[in-house]
Amino acid sequence: MAAVRIPFLKLAWRNLWRNKRRTILTLGAMTFYSWMLLWFLWFWDGAHDGMMDNYVRILTGHVQIHARGFSDDMSVMKRIREPGPIVAAIESTEKVAAYSLRVKTYALAAAHGDSAGAFVLAFDPRRERGVSYMHRLLREGRCLEARNRGEVVLGYVLAENLGLALGDQIALMVQAADGSMGADKFTVVGLADPGISAMNNSLIMMNLADAQELLAYGDAVNEIVVMAEDSYDVARVHGALEEQVDPERYEVLTWAEAAPEMKEMIELDWASFLLIMAIFTAVALLGIMNTVVMSVFERVREFGIMMALGLRPGQLARLVVTETMLMAFVAMAIGFSLAVVTTWLSTEYGFDMEPFGAQESMADWGMANTLFFAKFSLKFFVVAFASVLGMSFLATLYPALRTAAMRPVEAIKFQ
Amino acid sequence: MDKVVEIQNLHKVYRDGFDVHALRGVDLDIARGDFMTIAGPSGSGKTTLLNILGGLDRPTEGRVFIEGQEVTAMSRSELADLRRRRLGFVFQSFNLIPVLTARENVEFALILRGVEPNRRRELPQKVLGQVGLDECMRERRPFDLSGGQQQRVAVARAIVGEPAVVLADEPTANLDTENALALLDLMERLNEERQATFIFSTHDPRVMERAKRHVMLRDGEVVSDERRA
Ligand SMILES: Nc1ncnc2c1ncn2[C@@H]1O[C@H](COP(=O)(O)OP(=O)(O)OP(=O)(O)O)[C@@H](O)[C@H]1O
Ligand SMILES: [Mg+2]
């Protein structure tokens, strides 16, 4: 005797086409659910990545290394005197995309008899391009060039406040590391719009060597910014770097530690997204359960006949589950394909969230950008796959158990 | 006598609202190869008895054995296995699985018995031939068959796996005389050729006449048990 192989799939497939209208409606709902779920997951992930990227690329990088305590008070005394070994460690770490050595300090800026507080950000322009968007923020003039000395690019509001135009001179005063006051004059070569209001009126960018001289730093820097290849790799890069530097002397921070408020915002946004998805899932689940219950109820007599033929209660339940799962797989095939297309479109062209009130909430973060881009990832594909399967299974569980619990006599008597 | 079915002191009380004593102590032995009818007025307990024999329902008291196995002591799954391996059913109407063709309905019984694929393909054709279903009808679904044709397919499905007993509850009730007699001829022939044991209930005097053994029920009790030569 061969093994008993009940053709569940064949039966399920044919059963589905008995009530075409209902099956197509259910399938449509499941397809819509699969599509929206996966697309939204990919889109939300991409949008958050974009937000984070914007933020990180302007301010924090993925990982920052400082002398211990620097992030608390930005004291010029807390510097990395010998960046060499740390740079060597960074270069030997996997998943690092780029890094940049920086000097950051507060300064007093003066021109035409006016003065203003300023924030100096100094770097090697060739390296900085890999980690930040500074070079993209230019409104007027040109970017810093590594081979020139004595040049600055100003936040455009700061320039307005001090009445400065391209080619003008600006005087800067800082506290130097040797306890003296450092002061020098610089030529304005460009005006930048960082898009974050606090920076528009204070940012001064200059070459690393100029700042090192101004602060009497020698070869020291006070920040090293590292970008990982992908946002998913940040934790890994952070961990690897933390192991390699002396924890007594240096602190290694992720962007989330350097800017916890951004991380919190993204988490909050995920939470509200998940809540909406949970409601969406519950609605889909109840709708599908309803149609499965109806389809089972119509076939009570038939199930009775099957029991008389010797199908076990569990096998009947399996038939009911198979029918729904079959629909789930067809729905996923179509819905996920649609999601791939719409996600691809929204990775290529972006999706403007402005009509959904993104403008206001992004402005709170000093970001004007409302155009977001989706991001493909296996992770969220798996999440969507598991959600659709899980939802369909839960929707069919109750009717399936009810079917298994039917008593044969009553089922057969049922007309 | 080679007993296929043994029924001992069977009682069935339906309890919904008030008690209905549908079977009141039925004792019967049924021999292999028998062709037995159970008759009696409406409400006398025929359906109740057949359902309990087939393990579709449980008695309130008493025991049933099929080929020595105690049906009344089996679990739901064991009952399903017993029905699958040793029993065939024919009900009054709508016996077939609507999404399967006539041939597939018969084949389904073989699949459930774990018959190997080769035999599974030949046997249904052979048996459908025996029950007189034209070849051109065999790939039709039940909806496209007449009531008589459906019943013949149901009989084919019931006997194809060579069960110990075929239980039929008023199999001819929904058929006209011609079709009813044809179905009876068929069952009689199968009974002779295959030594299949048939037990069926009926109101129909034409059916009673044909039985080798004839049991009468009234108010849940056996009132007569006759054997014809
Ligand atoms: N599920 C049930 N609940 C309550 N009473 C029932 C149930 N099934 C049957 N009965 C009662 O049990 C008695 C026997 O019914 P049964 O169906 O076995 O009779 P029958 O001989 O098959 O009748 P018929 O010739 O009308 O088919 C009847 O009085 C009937 O009303
Ligand atoms: Mg009856």
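Since the model is a prediction, treat every value here as computed from it, not as a measurement. (Residues numbered from 1 in each chain as written. Chains lettered and ligands numbered in written order. Predicted model: local features only at pLDDT ≥ 70, side-chain atom pairs only at ≥ 80, totals over all residues. Heavy atoms only, no water.)

**Looking at the overall build of chain B**
- Within chain B one finds 7 helices and 10 strands.
- Here the C-alpha atoms of chain B give a radius of gyration of 17 Å, agreeing with the 17 Å that 2.2 N^0.38 yields for 229 residues.
- Along the first, second and third principal axes, the C-alpha set of chain B runs to 50 × 40 × 40 Å.
- Taking all 229 residues of chain B together, 57% fall into the buried category.
- For chain B, the share of sequence-separated contacts (at least 6 apart) that also reach a separation of at least 24 residues comes to 68%.
- Accessible surface for chain B amounts to roughly 9700 Å². Of this, 45% is attributable to carbon and sulfur atoms.
- Counting 33 positive and 36 negative side-chain charges, chain B places the averaged centre of each group 4 Å from the other. (Helix = DSSP H or I, 4+ residues; strand = E, 2+ residues; numbered from the N terminus. Rg over C-alpha atoms; globule rule 2.2 N^0.38 Å. Buried < 20%, exposed > 50% of the residue type's maximum accessible area, 1.4 Å probe, protein only. Contact = heavy atoms within 4.5 Å. Areas by Shrake-Rupley, 256 points an atom, 1.4 Å probe, with all protein chains shown as cover. Lys, Arg positive; Asp, Glu negative; His and termini not counted. Charge placed at Lys NZ, Arg CZ, Asp CG, Glu CD.)

**A few points about unusual backbone geometry**
- A positive phi angle, near 45 degrees, is found at His112 of chain A, a position not held by glycine.
- Mapped onto the elements, His112 of chain A comes out in the loop between β2 (96-111) and β3 (114-123).

**Quick look at a nonpolar patch on the surface**
- There is a patch of nonpolar side chains on the surface, built from Val340, Val341, Trp344, Leu345, Tyr349 and Phe376 of chain A and spanning about 580 Å² of accessible area.
- Inspection of the secondary structure assignment puts Phe376 of chain A in the loop between β12 (371-372) and α15 (378-404). (Patch = residues over 30% accessible without salt bridge, like charges linked within 9 Å, V, L, I, M, F, W, Y side chains within 5 Å. Salt bridge = Lys/Arg side-chain N within 4 Å of Asp/Glu carboxyl O.)

**Some remarks on helix α5 (residues 147-160) of chain B**
- The end-to-end C-alpha distance of α5 of chain B is 20 Å, a good match for the 20 Å that 14 residues give at a rise of 1.5 Å each.
- Where α5 of chain B terminates, the next one or two residues include Glu162 of chain B, which has phi positive at roughly 50 degrees. (Expected span 1.5 Å × (residues − 1).)

**Regarding helix α1 (residues 46-53) of chain B**
- The buried fraction of α1 of chain B is high, at 7 of 8 residues.
- Phi turns positive one or two residues past the end of α1 of chain B, at Gly55 of chain B, with a value near 70 degrees.

**Focus on the sheet that holds strand β7 (residues 165-169) of chain B**
All names here are of chain B.
- With mixed pairing, the 6 strands of this open sheet are ordered in space as β6-β7-β8-β3-β9-β10. Pairing within the sheet leaves two strands with one partner each, and these edge strands are β6 (87-90) and β10 (221-227). For this sheet, the mean inter-axis angle between neighbouring strands, taken without regard to orientation, is 15 degrees.
- Bridge count between strand β9 (residues 213-218) and β10: 6 bridges; the pairing is antiparallel. Note on β10: the bridge partner recorded for Met216 is Ser224. (Pairing = 2+ DSSP bridges. Axes fitted to C-alpha atoms, helices over the stretch in contact; angles between N-to-C directions.)

**Focus on the site of ligand 1**
- Near ligand 1 you find 15 residues, and of these Ser42, Gly43, Lys46, Thr47 and Thr48 of chain B are the closest.
- Per-site note: the chains with residues close to ligand 1 are chains A and B.
- Contacts to ligand 1 include Asp16 of chain B, whose side-chain N or O atom sits 3.3 Å from a nitrogen atom.
- Protein chains shield 70% of the accessible area of ligand 1, which is 630 Å² for the free molecule.
- Within the residue set of the shell around ligand 1, elements represented by two or more residues are β1 (3-16), β2 (18-31) and α1 of chain B. (Near = heavy atom within 4 Å. Polar contact = N/O pair within 3.5 Å; in protein donor to acceptor, adjacent residues only side chain to side chain.)

**Regarding the nonpolar core**
- One finds Leu154, Ile170, Ile204 and Met206 of chain A together with Phe108 and Ile199 of chain B to be the most contacted residues of the largest nonpolar core, which totals 158 residues.
- Inspection of this core shows a minimum of three residues originating in each of domain 1 (8-56 + 262-411) and domain 2 (69-246) of chain A.
- In contact with Leu154 of chain A, other than residues within four places in its own chain, are Ala159, Leu164, Ile170, Val188, Gly190, Leu191, Ala192, Leu203 and Ile204 of chain A.
- Among the nonpolar cores identified, the runner-up in size contains 35 residues, and Ala102, Leu110, Val153 and Val166 of chain B belong to it. (Core = buried A, V, L, I, M, F, W, Y, C linked by side-chain atoms within 4.5 Å. Domains from an automatic or database assignment.)

**Details of the interface of chain A and chain B**
- Listed per partner, the contact involves 32 residues of chain A and 30 residues of chain B.
- Between chain A and chain B the total buried area reaches about 2700 Å² when both faces are included, carbon and sulfur atoms providing 61% of it.
- Area buried by chain A at its contact with chain B is led by Arg14, Leu309 and Arg312 of chain A, which between them contribute 22% of it.
- Counting every contact that joins chain A to chain B gives 11 residue pairs in polar contact (both at pLDDT 80 or more).
- Partitioned by chemical class, the residues of the side of chain A that touches chain B number 20 nonpolar, 4 polar and 8 charged. (Buried area = accessible area lost by both parts, 1.4 Å probe. Nonpolar A, V, L, I, M, F, W, Y, C, P; charged D, E, K, R; others polar.)

**Overview of the pattern of salt bridges**
- For the structure on display, the rule yields 41 salt bridges over all chains.
- When the shortest N-O distance is used, the salt bridge between Glu104 of chain B and Arg14 of chain A registers 2.5 Å. Note that Glu104 of chain B is positioned in helix α3 (residues 102-112) and Arg14 of chain A in helix α1 (residues 8-16), a pairing that runs across two chains.
- A relative accessible area of 9% means that Glu104 of chain B is categorised as buried.
- Linking Lys104 of chain A and Glu223 of chain A is a salt bridge whose minimum nitrogen-to-oxygen distance equals 2.8 Å.

**Structural notes on the packing of aromatic side chains**
All names here are of chain A.
- All told, the structure shown has 19 aromatic pairs over all chains when counted by the stated rule.
- Relative to Phe280, the ring of Phe32 lies with its centre 6.2 Å away and its plane at 90 degrees, an arrangement referred to as edge-to-face. Of the two residues, Phe32 sits in helix α2 (residues 20-60) while Phe280 sits in helix α11 (residues 260-297), which places them 248 residues apart along the sequence.
- Classification of Phe32 as partly exposed rests on a relative accessible area of 42%.
- An angle of 75 degrees between the planes, with centres 5.4 Å apart, marks the rings of Trp270 and Phe273 as edge-to-face. Linking Trp270 with Phe273, this pair stays in helix α11, spanning 3 residues, or about one helical turn.
- For Trp270, a relative accessible area of 17% translates into the label buried.
- Pairwise contacts between aromatic rings join Phe32, Tyr33, Trp35, Trp39, Phe40, Phe43, Trp44, Trp270, Phe273, Phe280 and Phe380 into one cluster.
- Seen from the ring of Tyr99, Arg127 lies directly overhead, with NZ or CZ sitting 4.1 Å from the centre.
- The ring centre of Tyr156 lies 3.7 Å from the NZ or CZ of Arg139, which sits over that ring. (Phe/Tyr/Trp six-rings, centres within 6.5 Å; stacked < 30°, edge-to-face > 60°. Lys NZ or Arg CZ within 6 Å of the ring centre and 35° of its normal.)

**Comments concerning the sheet that holds strand β5 (residues 69-70) of chain B**
All names here are of chain B.
- Within the open sheet, the 4 strands sit side by side as β2-β1-β4-β5. Their pairing is antiparallel. Only two strands of the sheet have a single partner each, and these edge strands are β2 and β5.
- Pairing of strand β4 (residues 61-66) with β5, which is carried by 2 bridges, proceeds in the antiparallel orientation. For Ile66, the partnering residue across the bridge sits in β5 and is Gln69.

**Focus: the packing of α11 of chain A against helix α13 (residues 313-348) of chain A**
Residue and element names in this part refer to chain A.
- As a packed pair, α11 and α13 sit with axes 11 Å apart at the nearest point and diverge in direction by 135 degrees. It follows from the interaxial angle that α11 and α13 lie oblique. Here the hand of the crossing between α11 and α13 comes out right-handed. Together, Ile288, Val292, Ser295 and Val296 of α11 and Val320, Glu323 and Thr324 of α13 make up the contact between the two elements. (Parallel < 35°, antiparallel > 145°, perpendicular 65-115°, else oblique. Left-handed = near helix turned anticlockwise from the far one by under 90°.)

**Some words on the side chain of Arg138 of chain B**
- Along the chain, the position of Arg138 of chain B falls in the loop between α4 (117-130) and α5.
- Although Arg138 of chain B lies buried, it forms no salt bridge, and the closest oppositely charged side chain, Glu135 of chain B, sits 4.3 Å away as judged by the N-O distance.

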